[in-house]
Each structure stands twice: as C-alpha cells, then as structure tokens.
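Examination of the molecular architecture
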Amino acid sequence: MTWSPSSDDVGVTKYEVSRNGVAPTPVTGTSYTATGLTPRTSYAFRVRACDAAGNCSPYSTQVTGTTAEGGGDTSLPERVMVGYLHASFANGSGYIRMSDVPDEWDVIHLAFGEPTSVTSGDIRFTRCPAAECPGVESESDFIAAIRAKQAQGKKVLISIGGQNGQVQLTTAAARDAFVSSVSAIIDRYGLDGLDIDFEGHSLYLDPGDTDLARPTTPVVVNLIAALKTLRSRYGDDFTLTMAPETFFVQLGHQFYGPGQNGADPRSASYLPVIHALRDDLTLLHVQDYNSGPIMGLDGQYHTMGGHDFHVAMTDMLLAGFPIAGNPANMFPPLRQDQVAIGLPASPNAGNGFTTVAEVHKAFDCLAKGTGCGSYRPRGVYPGLRGLMAWSINWDVFNGKEFSRSHRAHLDGLTAP
C-alpha cells in the first residue's frame, strides 16, 4: 500500500501502519508491504504520521482488503501433526518401525542426521543398529515403509542436528559439503525435504551483526545459502521445517546476539535464517519446552507448561515483534499456515510438558479467540497450522495420548 506524504512532511520522521487495530509498525517511507497474511482473509489498515518527539497525527480512514487463494503447502492437511521418529538411536522409549508410525502423524522427521565434525558440514544419517534397537527393520523395508507413508499423503524428512549434532557452517567448503551430503541422504531414501533442528552452539551472531535482512556472520550466511540451494535443487515440492528453541527465536524480543549487557551471542540467532527463508519455509515449530521464562508482547515473563506460555510464544511469531525492544527493527509476522506449536509428547520427553486440556485451551485461544487466559493475543489466527511433538516414540510409550487427543481436537476445529 502507498499513501501521499503528510502535508507537514518537514516535521515527519516516520509513519505508523496499524493492521486490524493492533500495535503499529513504524515505516520510514510512504509505502508498506504487509506480510504474514492468511489466504481468504480480510484485513484492515490505517496509517498516521509522527514526528521525532513521538507526536502523531490521527489515523487515516481505514482501508480493507481480502487476500486471495494460495499460500502454504496444500499437499498437507489444513491442520497438521508433526512428530520426530527416533531413527538413529534408542533412548528408553523403544524403537518404532517406520511402518508402525501411527496414522495421526502427517509429517515424520527422521532423527537425526549429524555431522562428521562440528565444522565439516558433512552430514551422515546412520540408522539405529540392531544391538541398540531390537526389531529394527532392514534398509529395504525401511525405504518401502517410507514410500507407503508418502502414498498416504505423509511427508518424511531428515532432521539435522538435535541435542548432540552441532553444525557450524563456518566456511564455503562446509556449506557445499552440507548441500552435497544432505542431498545424498534425501536421494537415498527418497525423502520430501529437510528439518533444521540446530541447537547448542550451532548458530550465533558476531559482534555488530544487527541487520536482520543482511546478516554477516558466516554460520548464518552459509546456512541460508545452503538451504536456498537445496530448495532450488528440489523445487516447489521441497518441504522445509525448522525446530529452534525459544532461546533462538522469541528471546530476540529482548536480546539479539552479543549486543547489549554482555548477552549470549547465540541469542535469537535463528531470526535471520527464518527471515531469509520465510518464502520457502513450510513450517516453523519452535520448541515450547526446555525453556526458561520468556518475555511476551505484553511485557510480562511467561513460563512453560501452561496455556499462556504457548499463546504468548505463538503470538510473537504471528504478530511480529520488535527485536531487542527496538520498534524500528521488527521481525515481521509469519503466515499462519507456517506456524505450529512444539510440545513434549509426554512427561518423559522433556521439561515443560503441557496437559491435553491446557494445549487445547491454548490452540482455541489462538485459532478461535475463545477460552484465553491472562495473556490476550494480538489477533485471532484461524490458520494456525497444528502441533509438533518430541517425539512419536515417547507418544507411543505414553499410550498415544498426545496423537489421539490432539488429532481429534485439530480435526474438530473449523478450518479457515
């Protein structure tokens, strides 16, 4: 959208655009592109002019528009269930054959592909050996089961990283090795795409790297380039997901890299990656677990394990937020169909387990605007895509409570 300059343009230092009555976004020029919109949805916009002292004119007359069809991966259901399958290790939850993955799961992440060394970029995926995983199927049966799941409309992805798989693409050689080795895994098993589950010290920001749209830190720049190359190589059907921790995303509301107060250089270091890939990203499912308290858009700290935490963390992704508290440096909202809520599948799976009732309360608050607690989201998000769980194995170990209860609830919601 565009507008004419204010008649008092000499004193104007910025304009502010408000969408659907929520907190305004600052704009330096006389045009604005709205992102993070949902198909077949009406939006209302107003603009006002402000001076350096923070004095603003009244808002303009409201204008409205409705988005067209499109956006999102239409080969997946409107509400998705995403789960990680322990394919390369056993950790007490029991091995599950690919053919035995319950039907409730729409996207299956094979956990994990890991590097030969932290900075090599050379990713290897080794299936769990029989000594560690009794009952593991043969390679041919594993591949046949993947094909059967895909024939049912499921997506099967290789997940790179995890808790132990530190990946730092510090050089162009590591970037190219990443592309080559990940492609080899995808081709060998006929997979639908890639999940980035970088944790620990994989991503960080160098001092002075503060421009969200133009990062300069090699591990960030090389990862972005590698993912864009893979997306280009496999085309529009390539499924790309990410599973960062809140430390690497929503913490950016307060801290971005090593800037102020001696902050951890890893703070919010996923943000430039997400931003650069937002047109290619199928799903972002931030891990709303194993997290410390995080400040929401209401200026209050929220603690994992209850519905308010999930509402506050998800609202930040769908409404956008100022990076390090700077309203002139915004992380723009993602599309609703790109966002799912990440959860532990059982109390054994991770800190921050949330009961079925609390998860349903959070999802209904976000998608329908009903049953909200103390945190009120900035909007209603009927296109919120679904739920992610760590993990399918822990869900089965827990009697499939997560998959059965949440699948039924998601299917019962009216799609946008």
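Residues numbered from 1 in each chain as written. Predicted model: local features only at pLDDT ≥ 70, side-chain atom pairs only at ≥ 80, totals over all residues. Heavy atoms only, no water.

1. A closer look at helix H2 (residues 172-189)
What counts, and what does not: Helix numbers and strand numbers start at the N terminus; a helix is a DSSP run of H or I with at least 4 residues, a strand a run of E with at least 2. Expected span of a helix: the number of residues minus one, times 1.5 Å. The buried label goes to any residue with under 20% of its type's maximum accessible area, the exposed label to any with over 50%, and the partly exposed label to all in between, with areas taken from a 1.4 Å probe on protein chains only.
With 18 residues, H2 ought to run about 26 Å at 1.5 Å a step, and its terminal C-alpha atoms sit 26 Å apart, in line with that. Buried residues of H2: Ala 174, Phe 178, Val 179, Ser 181, Val 182, Ser 183, Ile 185, Ile 186 and Tyr 189, and no others.

2. Focus on the pairing of strand S17 (residues 386-390)
Counted only if it meets this: Any two strands between which DSSP finds at least two bridges are classified as paired. The handedness of a crossover follows from its direction of travel: if, with the strands pointing away from the viewer, the path from the first strand over the helix to the second runs clockwise, the crossover is right-handed.
The buried fraction of S17 amounts to 5 of the 5 residues, a majority that puts the element mostly inside the structure. Inspection of the sheet shows strand S5 (residues 80-86) paired to S17 by 4 bridges, in the parallel sense. Bridge pairing in S17 links Met 81 to Leu 387. By the bridge criterion, 5 bridges tie strand S16 (residues 340-344) to S17 in an arrangement that is parallel. When the bridges of S17 are listed, Pro 344 appears paired with Trp 390. Read as a crossover between parallel neighbours, the route from S16 over helix H6 (residues 356-368) to S17 is right-handed.

3. As for the nonpolar core
As a reminder of what qualifies: The set of buried Ala, Val, Leu, Ile, Met, Phe, Trp, Tyr and Cys residues whose side-chain atoms join them within 4.5 Å is what this entry labels a nonpolar core. Note on contacts: a residue pair is in contact if any heavy atoms of the two residues lie within 4.5 Å.
The biggest cluster of nonpolar side chains holds 105 residues, and the ones touching the most others in it are Met 98, Leu 110, Phe 178, Leu 194, Leu 227 and Met 242. Setting aside residues up to four positions removed in sequence, Leu 194 forms contacts with Leu 157, Ile 158, Ile 160, Phe 178, Val 182, Leu 227, Leu 230, Phe 238, Thr 239, Leu 240 and Thr 241. Ranked by size, the runner-up nonpolar core spans 10 residues in total, among them Trp 3, Tyr 15, Phe 45 and Ala 49.

4. Description of the state of the cysteines
Note the threshold: The term disulfide is used for any two cysteine sulfur atoms that are within 2.5 Å.
Under the counting rule described, the total for this entry stands at 3 disulfides. Two residues share a disulfide in this structure: Cys 128 and Cys 133, whose sulfurs sit 1.9 Å from each other. Taking the sign of the S-S torsion, 75° for the link of Cys 128 and Cys 133, the bridge is right-handed. Judged on exposure class, the residue Cys 128 and its partner Cys 133 are both buried. Between Cys 365 and Cys 372 runs a disulfide, and the two sulfur atoms are separated by 2.0 Å. Negative torsions about the S-S bond denote left-handed disulfides, and the value of about 100° found for Cys 365 with Cys 372 makes this one right-handed.

5. Quick notes on the environment of Tyr 375
Position of Tyr 375 among the secondary structure elements: in the loop between H6 and S17. Expressed as a C-alpha distance, the spacing of Tyr 375 and Ala 312, which sit 63 residues apart in the sequence, is 6.7 Å.

6. Some details on the layout of surface pockets
Formally: Note on definitions: the grid is 1 Å and covers protein atoms alone; a cavity is a set of points where a 1.4 Å probe fits but cannot get out; a pocket is an open set with protein on both sides within 12 Å along at least five of seven lines; lining residues have an atom within 4 Å of a point. Grid points are joined across faces, edges and corners, and a volume is the space filled by probe spheres set on the points. Put simply, Ala, Val, Leu, Ile, Met, Phe, Trp, Tyr, Cys and Pro go in the nonpolar bin, Asp, Glu, Lys and Arg in the charged bin, and everything else, Gly too, in the polar bin.
What the largest pocket holds in volume is close to 1100 Å³. Around the largest pocket sit 45 residues that line it, and Thr 25, Tyr 32, Met 330, Pro 332 and Pro 333 are the ones nearest its centre. For the lining of the largest pocket, the per-class residue count stands at 24 nonpolar, 13 polar and 8 charged. Space inside the second largest pocket adds up to approximately 370 Å³. Lining of the second largest pocket is provided by 17 residues; of these, Phe 112, Gly 162, Gln 163, Glu 199 and Trp 390 occupy positions nearest its centre. A per-class count over the lining of the second largest pocket returns 7 nonpolar, 6 polar and 4 charged.

Nothing here speaks to function; it is geometry throughout.
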